[in-house]
Amino acid sequence: MNSDKIKIAVLVSGGGTNLQALIDAQRDGGLRSGEIALVVSSNPGAYAINRAANAGIEAVTVCRKEMGDQFEAQLIRTLEKHQIEMIILAGFMSILSADFISHFTDRIINIHPSLIPSFCGKGMYGLHVHEAALAYGVKVSGATAHYVNEVTDGGKIILQKAVRVRQDDTPESLQKRIMKQAEWDILPRAAEQVAKKLRKEKRGGSRPATE
Ligand code: GRF
């Protein structure tokens, strides 16, 4: 283990195909400035936990339902205990508060399944995003990897990739194609980009004042 690498936590709630893309990128050398040190699931039944186990990555559950208003405090304790320096939201089904985000300013990224600023913000998750895109009649959709700030899906864009909408698309078929063609491609690349920047800052000793 190279201790100079940025310690990354991937936060998940479901199937974890984006987590898998990150694990594969780490194996193949696409993700090399950081290492996935921890997977945190908000749902004890998430298949993403099996993916972490198969890759030999520690996974913990911080259950939103069980923790109630202590959820974020417990998340922060878990991340700090593992000395996490960067967070990737990969299908994490909870909106994080401004207070939580302030603990990790410019160190949290998210993948969203549309071309932001279209079809994003509150209520735009899962199939809702693709239903809205089809209802509007857009001919192109895609995915966006972006920094997380206190505005839902409002942080600075890191990478975007467009995907053509087909005339016979259903929300499900569009969701699948966007994941395959865009999300699994740009999320690992965005992760490397941010980890590289953070590592450079760490080496230069210019860590942000929030740390
Ligand atoms: C993806 O569509 C992602 O864009 C969204 O949630 C979904 C997660 O899927 N944020 P998976 O758990 O990575 O398979």
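Now for a look at the structure at hand. Since the structure is predicted, the reported quantities are computational estimates derived from the model, not experimental observations. (Residues numbered from 1 in each chain as written. Predicted model: local features only at pLDDT ≥ 70, side-chain atom pairs only at ≥ 80, totals over all residues. Heavy atoms only, no water.)

### Focus on the packing of helix H6 (residues 127-136) against helix H7 (residues 171-204)
Between H6 and H7, the least distance of the axes is 9 Å, while the angle of their chain directions is 110°. When the axis of H6 is compared with that of H7, the two are roughly perpendicular. Relative to H7, H6 is oriented so that their crossing is right-handed. Residues Leu127, His130, Glu131, Ala133 and Leu134 of H6 pack against Pro171, Glu172, Leu174, Gln175 and Ile178 of H7. Taken together, the residues of the contact of H6 with H7 break down into 6 nonpolar, 2 polar and 2 charged. (Axes fitted to C-alpha atoms, helices over the stretch in contact; angles between N-to-C directions. Helix = DSSP H or I, 4+ residues; strand = E, 2+ residues; numbered from the N terminus. Parallel < 35°, antiparallel > 145°, perpendicular 65-115°, else oblique. Left-handed = near helix turned anticlockwise from the far one by under 90°. Contact = heavy atoms within 4.5 Å. Nonpolar A, V, L, I, M, F, W, Y, C, P; charged D, E, K, R; others polar.)

### Brief notes about the site of the ligand
Around the ligand, the surrounding shell consists of Gly15, Gly16, Thr17, Asn18, Gly91, Ile111, Pro113, Met179 and Glu183. Within the backbone of Gly16, one N or O atom sits 2.8 Å away from an oxygen atom of the ligand. At 2.8 Å from an oxygen atom of the ligand is found a side-chain nitrogen or oxygen belonging to Glu183. In isolation the ligand offers 370 Å² of accessible surface; the protein chains occlude 84% of this area. More than half of the atoms belonging to the ligand lie within 2 Å of the grid points that define the largest pocket. Listing elements by their share of the shell around the ligand, those giving two or more residues are helix H1 (17-28) and H7. Of the residues that constitute the shell around the ligand, the class distribution is 3 nonpolar, 5 polar and 1 charged. (Near = heavy atom within 4 Å. Polar contact = N/O pair within 3.5 Å; in protein donor to acceptor, adjacent residues only side chain to side chain. Areas by Shrake-Rupley, 256 points an atom, 1.4 Å probe, with all protein chains shown as cover. 1 Å grid on protein atoms, 1.4 Å probe; cavity = no way out; pocket = protein on both sides within 12 Å on 5 of 7 lines; lining within 4 Å. Sits in = over half its atoms within 2 Å of the grid points.)

### Brief notes about the sheet that holds strand S2 (residues 34-41)
Strand order in the open sheet formed by 7 strands is S3-S2-S1-S4-S5-S6-S7, and the pairing between neighbours is mixed. The open sheet has two edge strands with one neighbour each: strand S3 (59-61) and strand S7 (157-164). Each strand axis lies, on average, 20° off the axis of its neighbour in the sheet, ignoring direction. Looking at chain direction, strand S5 (residues 108-112) and strand S6 (residues 140-147) are connected through 4 bridges and run antiparallel. Counterpart to His112 in the pairing with S6 is Thr144. The sheet strands contacting helix H4 (residues 71-81) are strand S1 (6-12), S2, S3 and strand S4 (86-89), and the helix crosses S2 at an angle near 150°. (Pairing = 2+ DSSP bridges.)

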